[in-house]
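# Geometric and topological summary
Residue-level listing of the chains:
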Amino acid sequence: MTSVSEISKTSNWPTNYGDPTWLLHDRFGLFIHWGLYSNAARHEWVMNREKIHPDTYRKYFKYFDPDLYDPKIWARAAKEAGMKYFVITTKHHEGFALWDSALTDYKVTNTPAKRDVLLEMVNAFREEGLKVGFYHSVIDWHHPEFPIDGLHPQRDDEVFKANAQNRKIENYAEYLHGQVRELLTNYGKIDYLWFDFSYPTFDWGWSTGKGKIDWQSEKLEKMVLELQPDILLNDRLDLGRGVITPEQYQPREVLEKDGNPVIWEACQTLNGSWGYDRDNLDWKSDEMLIKMLVDTVSKGGNLLLNVGPNARGEIDEKSLNSLRAIGQWMRLNSRSIYGATNSDLLAPVDCRYTQKGNRLYLHIFSWPFRHIHLDGLSGKIDYAQLLHDASEVQYKEHDPNESLTSISTRIKPGSVTLELPIQKPDI
Ligand code: FHN
């Protein structure tokens, strides 16, 4: 088992990046997608999916008035869910700045909100002790110098494209770097920078082609590290380094590169939409969300779980209830998550192991198995208890040659966790 601190020295992590030990310890963060698309309330890609002209889309700018916005409520909800950091969309693909940027009029302080919502949010989350992450889209469907490509909302508008012939990506790149400079200069210590997205070969059928050359990614990365030397970066500048961010799926096993574990973070939604999506019915159950968190850590990863606040400035009740349910589980079980990582042992059927030093955590995802056989632990378990109430759990040692141990419990199904102190932590 590679310890959390050891992972930070492995393959996808450049020596000039910040120390990711805090990220590997914290394991669980809140992703927040909030912007003009929250007014449309039908997914953050609404401008693209419905090919909305910028002039039409401007109605959401005109009516962005989050009068109920109180980031202290958001920060408390995240903390009570057991989240240790957050990542906010400072600018999504729509190009709208959630802060008082000097480089554009398309910003929150020019809407009826008339306030730097990002500054208030950063302060509120810091007060609750959470680390600060900024999401920033390299894609920008509003900027006048962003070339029209296969992903652009006006990709089929011949008149629009004709008028956009002379756009220069280098002019846009200068703007992109300038806004990132603002964000890393004016809002104190930023712990994590989450660029999105750059898949020059990513092909959903619309080959975008834009990548590190267009964003001037090497220069941008250098500037970021000069401004905030301890910052962590994700892997979406098309540079092949940083926190690897599998999206909306759970990797099957521990992620490795050249035989070494890598630093990775599953980013997941509550219902398939990142932005507020009023009529969405695809909500994940609380049990599924908890299992996702356990499954992610059992493979040495982090979970960045998303909420999409609405245009009144509130996280909707259904999302808050999910966060509360996770928080209730975390209150009793978080020591199997924080600072834990994958075990080298093979977990029993439909179970997961997380491990922290000589503490092995057996997460039982389903029942009615009367017995659970633990391979490779004969003679190594010192004690067994349920984590939520520290009640002892009897187990039976088989013939050491069989290296089997049975846990016989009457625990009800669900993500129940046992804590198994191990006599020999070198297993
Ligand atoms: O296009 C975005 C999407 O809207 C969302 O922000 C996700 C979050 O990881 N990233 C991109 C899709 O990969």
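Reading the values: rules and limits
Residues numbered from 1 in each chain as written. Predicted model: local features only at pLDDT ≥ 70, side-chain atom pairs only at ≥ 80, totals over all residues. Heavy atoms only, no water. UniProt positions renumbered as here; feature names shortened; annotations may be inferred. Axes fitted to C-alpha atoms, helices over the stretch in contact; angles between N-to-C directions. Helix = DSSP H or I, 4+ residues; strand = E, 2+ residues; numbered from the N terminus. Parallel < 35°, antiparallel > 145°, perpendicular 65-115°, else oblique. Left-handed = near helix turned anticlockwise from the far one by under 90°. Contact = heavy atoms within 4.5 Å. Nonpolar A, V, L, I, M, F, W, Y, C, P; charged D, E, K, R; others polar. Buried < 20%, exposed > 50% of the residue type's maximum accessible area, 1.4 Å probe, protein only. Arc of directions from axis to C-beta. Polar contact = N/O pair within 3.5 Å; in protein donor to acceptor, adjacent residues only side chain to side chain. Pairing = 2+ DSSP bridges. Near = heavy atom within 4 Å. Areas by Shrake-Rupley, 256 points an atom, 1.4 Å probe, with all protein chains shown as cover. Core = buried A, V, L, I, M, F, W, Y, C linked by side-chain atoms within 4.5 Å. Phe/Tyr/Trp six-rings, centres within 6.5 Å; stacked < 30°, edge-to-face > 60°. Lys NZ or Arg CZ within 6 Å of the ring centre and 35° of its normal.

Identification of the protein chain as alpha-L-fucosidase from Lederbergia wuyishanensis is taken from an unreviewed UniProt entry. Looking at the Sequence similarities (unreviewed entry) heading of the UniProt record, one finds this comment for the protein chain: "Belongs to the glycosyl hydrolase 29 family." As its UniProt record puts it under Function (unreviewed entry), the protein chain is described as follows: "Alpha-L-fucosidase is responsible for hydrolyzing the alpha-1,6-linked fucose joined to the reducing-end N-acetylglucosamine of the carbohydrate moieties of glycoproteins."

### So, the packing of helix H9 (residues 169-186) against helix H11 (residues 217-227)
Two elements in contact, H9 and H11, have axes separated by 10 Å at closest approach and are oriented at 15°. Comparing the axis directions of H9 and H11 gives the class roughly parallel. Between H9 and H11 the crossing geometry is right-handed. Taken together, the residues of H11 that come into contact with H9 (itself represented by Leu176, His177, Val180, Arg181, Leu184 and Thr185) are Lys219, Leu220, Met223, Val224 and Leu227. Of the residues contributing to the contact of H9 with H11, the split by class is seven nonpolar, two polar and two charged.

### Here's the deal with helix H6 (residues 71-80)
Within H6, the full set of buried residues consists of Pro71, Trp74, Ala75, Ala77 and Ala78. Take H6 and look down its axis: the buried residues cluster within an arc of 160°, on one side only. Turning to H6, the residues buried within the fold contact strand S1 (28-32), helix H7 (117-127) and helix H13 (317-333). N-capping of H6 is provided by aspartate 70, with a side-chain oxygen placed 2.9 Å from the backbone N of lysine 72. Just downstream of H6 lies glycine 82, where phi reads positive at about 95°.

### Digging into the side chain of histidine 177
Within the secondary structure, histidine 177 is located in helix H9. Histidine 177 sits in the buried class, given a relative accessible area of 8%. In terms of polar contacts, histidine 177 uses its side chain to reach the backbone carbonyl oxygen of tryptophan 215, at 2.8 Å. Filtering out sequence-adjacent residues up to four positions away, histidine 177 remains in contact with Trp215, Gln216, Lys219, Leu220 and Met223.

### So, the pairing of strand S11 (residues 359-364)
The buried count for S11 comes to five of six residues, which makes it a mostly enclosed element. Here strand S10 (residues 351-356) runs beside S11; their pairing, made up of six bridges, is antiparallel. Residue pairing across strands places arginine 352 opposite histidine 363, the latter belonging to S11.

### A word on the site of the ligand
In the vicinity of the ligand there are 14 residues, among which His33, Glu44, Trp45, His93 and Asp196 approach most closely. Histidine 93 is positioned such that a nitrogen or oxygen atom in its side chain is 2.7 Å from an oxygen atom of the ligand. Coverage of the ligand by the protein amounts to 97% of the 330 Å² it exposes when considered alone. By residue class, the composition of the shell around the ligand is seven nonpolar, three polar and four charged.

### A look at the sheet that holds strand S5 (residues 232-233)
Spatial ordering of the open sheet is given by S5-S4-S3-S2-S1-S9-S8, a layout of seven strands whose pairing is parallel. Bordering the open sheet on either side are S5 and strand S8 (265-268), each of which pairs with just one other strand. In this structure, S1 lies alongside strand S9 (residues 302-307), joined through five bridges in parallel fashion. Counted as the bridge partner of phenylalanine 31 is asparagine 306 from S9. Packed onto the sheet, H7 meets S1, strand S2 (85-91) and strand S3 (131-137) and runs at close to 175° relative to S2.

### Side note on the nonpolar core
Ile32, Trp34, Phe125 and Phe134 are the most contacted members of the largest nonpolar core, which has 106 residues in total. The element that contributes the greatest number of residues to this core is H9, accounting for seven residues. Grouped together as the second largest cluster of nonpolar side chains are 16 residues, Leu360, Leu362, Leu374 and Leu377 included.

### Overview of the packing of aromatic side chains
Counted according to the given criterion, the structure contains 23 aromatic pairs. Centre to centre, the rings of phenylalanine 31 and tryptophan 274 are 5.4 Å apart; their planes meet at 70°, and the pair counts as edge-to-face. Here phenylalanine 31 is found in strand S1, whereas its partner tryptophan 274 is found in the loop between S8 and helix H12 (286-297), with 243 residues between them in sequence. Exposure class is identical for phenylalanine 31 and tryptophan 274. Each is buried. Put simply, the rings of Trp34, Phe61, Phe64, Tyr69, Trp74, Phe96 and Tyr106 pair up and form one aromatic cluster. Seen from the ring of phenylalanine 61, arginine 58 lies directly overhead, with NZ or CZ sitting 4.4 Å from the centre. Sitting above the plane of the tyrosine 338 ring, lysine 84 keeps its charged end 4.6 Å from the centroid.

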